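# Breakdown of the fold
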Amino acid sequence: MKLVIIPNEAFSGYIPQYGVQHMEQYFNPNSVADEVHIVSPADNYKYKTTRFGTLVIHPIRNFMHLEIPMIYLPGLLKTIEVIKKYDIDIVRAYNCFQLGLVGALAAKITKRPFVLSLHGDYDNMLKQKGKFAYYKWHSIEKFNIKSATKVIAISDYLVDYAKKHGAKDVAKIPNPIPVNSYIKPDMEKVKRIKEKYPIEGRIVMLFVGRYRAPVKNFERLLLAYSQIPRELKEKSVLFVLGSGTNKEIYFKNLVKKLGLQENIIFVGFIPHDEVMSFYHVANFFVLPSISEGLGNALIEAMASGLPALTSTHPVTSSLVDSTNGVVVDPYSVEEIRDGLEKLMRMSAEERKMLGKKSIKKAATFDENVIYKQLASLYEEIGKRWNI
């Protein structure tokens, strides 16, 4: 069996964060395929085909920022070329808009089965683009979903979303998380973090994600933190891991304006194995998102034994409740503030009890379970299509 995959981001961006071995298992679960060809937008291999084990990377120029579907033609032509040249059996795309359209059309033209993955809260995303864009992209989205032989949705929320938009066959398969890796931290790395940052005797909160994105609700989180009682503020700190890019200066200025310079530590983007160590430095995790597709960082934090503050969005509230954290209205600064205060005032033992519940809930996302489900899905499609 041979697959062609159109991922949501450049393959080269995954390498420093996760490593080649992890990405090969991710794109070729349980070695179900002989080869997996990845048509990778916005890549940096100087536009030459590159091989990593069973993965073959075909870089193409970035077209994700473009709003005119006809400009995706080079990506479509490249995908069709790869399908024909390497006799590809199954086409998969990780995006229901631009990349999904490339995958859907390439599969239709070459008469291959098409698998579409849904990972985000697309309705919320489109509403932020304005009325015209909302209807334009929804029509493309519906075409892609209806064209799919199989839709993979990472949450119950997205299963319902896919069915509502005409999916013929939907499988709920969450993102794979190496749960056991989070339970046992590298204590040397944990020690170095504690030595590097002024956190001794302080309550440590952790935020992981692209805080520049409005849906992450980082600004309201800062506003809420600035409003907690002074004695709690003085004995607490918030680590921020992730990229701020064009919003970084704005948020650092906001931190100064709110008087949180001694409380907020912007760590920036770091390799994933280092992120894992921060989970074991923190006392609890914060992610008051307005929307999420699933929330990998939230599940990772839960697997690490952390209670969490998160939002009432259907996805995050399906992961966190009163047994393992606090759920708040993401649009209410006051609720976020009260949630932070509640977790801060808990004893270490109380937070530990919540953390045990988090570990139990996170176990259902273990990568060994998920990779088996994905491999079975490909094999099932192969049988149906006599591959």
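Please refer to the structure higher up on the page.
Residues numbered from 1 in each chain as written. Predicted model: local features only at pLDDT ≥ 70, side-chain atom pairs only at ≥ 80, totals over all residues. Heavy atoms only, no water.

## With respect to the nonpolar core
Counting residues in each nonpolar core, the largest one holds 107 residues, and the members touching the most others are Leu118, Phe239, Tyr279, Phe285 and Leu340. Those residues in contact with leucine 340 that lie beyond four places of it in its chain are Met205, Leu221, Ala224, Tyr225, Ile228, Phe284, Val286 and Leu309. Residues Ala33, Val36, Ala171 and Tyr371 belong to the second largest nonpolar core, which totals 28 residues. (Core = buried A, V, L, I, M, F, W, Y, C linked by side-chain atoms within 4.5 Å. Buried < 20%, exposed > 50% of the residue type's maximum accessible area, 1.4 Å probe, protein only. Contact = heavy atoms within 4.5 Å.)

## Here we look at the pattern of salt bridges
All told, the structure shown has 17 salt bridges when counted by the stated rule. Ionic pairing is found between glutamate 380 and lysine 150, a salt bridge with its closest N-O pair at 3.5 Å. Linking glutamate 380 in helix H17 (residues 367-384) with lysine 150 in strand E7 (residues 150-153), this pair joins segments that are 230 residues apart in sequence. Notably, a salt bridge pairs aspartate 169 with arginine 384, separated by 3.5 Å at the nearest N-O pair. A residue pair is termed long-range when its members are at least 10 positions apart, and aspartate 169 in the loop between helix H7 (156-164) and strand E8 (170-172) and arginine 384 in helix H17 qualify at 215 residues. On the basis of relative accessible area, aspartate 169 is assigned to the partly exposed category, the value being 24%. When salt bridges with common partners are traced through the structure, they connect Lys150, Asp169, Glu380 and Arg384 into a single cluster. (Salt bridge = Lys/Arg side-chain N within 4 Å of Asp/Glu carboxyl O. Helix = DSSP H or I, 4+ residues; strand = E, 2+ residues; numbered from the N terminus.)

## Things to note about the environment of phenylalanine 239
Relative to the helices and strands, phenylalanine 239 resides in strand E10 (residues 236-241). Contacts of phenylalanine 239, omitting those with residues within four sequence positions, involve Ile193, Tyr197, Ile199, Val204, Met205, Leu206, Phe207, Ile265, Val267, Phe278 and Val281.

## Concerning unusual backbone geometry
A positive phi angle, close to 50 degrees, is found at serine 31, a residue other than glycine. Following the sequence through the fold, serine 31 ends up in the loop between helix H2 (20-27) and strand E2 (35-41). Its relative accessible area of 57% is what places serine 31 among the exposed residues.

## Description of the sheet that holds E2
On the basis of which strands lie adjacent, the open sheet formed by eight strands has the order E3-E4-E2-E1-E5-E6-E7-E8 and mixed pairing. Looking at the sheet topology across the chains shown, the edges are occupied by strand E3 (50-52) and E8. Across the sheet, the axes of successive neighbouring strands diverge by a mean angle of 20 degrees, strand direction being ignored. Taken together, the three bridges between E3 and strand E4 (residues 55-60) define a ladder with antiparallel strand orientation. Across the sheet, residue arginine 51 finds its bridge partner in E4, namely valine 56. Its contacts with the sheet place H7 against strand E6 (114-118), E7 and E8, and it is angled at close to 175 degrees to E8. (Pairing = 2+ DSSP bridges. Axes fitted to C-alpha atoms, helices over the stretch in contact; angles between N-to-C directions.)

## Details of the pairing of E6
Across the five residues that make up E6, a large majority, five, are buried. Burial along E6 is two-sided: the residues Phe114, Leu116 and Leu118 and Val115 and Ser117 are all buried. Here strand E5 (residues 90-93) runs beside E6; their pairing, made up of three bridges, is parallel. Residue alanine 93 lies in a different strand from E6, and its bridge partner there is leucine 116. The handedness of the E5 to E6 crossover, carried by helix H4 (residues 98-110), is right-handed. The sheet contact formed by E6 and E7 spans four bridges and is parallel. The residue of E7 that forms the bridge with leucine 116 is valine 151. (Right-handed = clockwise from strand over helix to strand, strands pointing away.)

No statement about biological role is implied by the geometric values presented.
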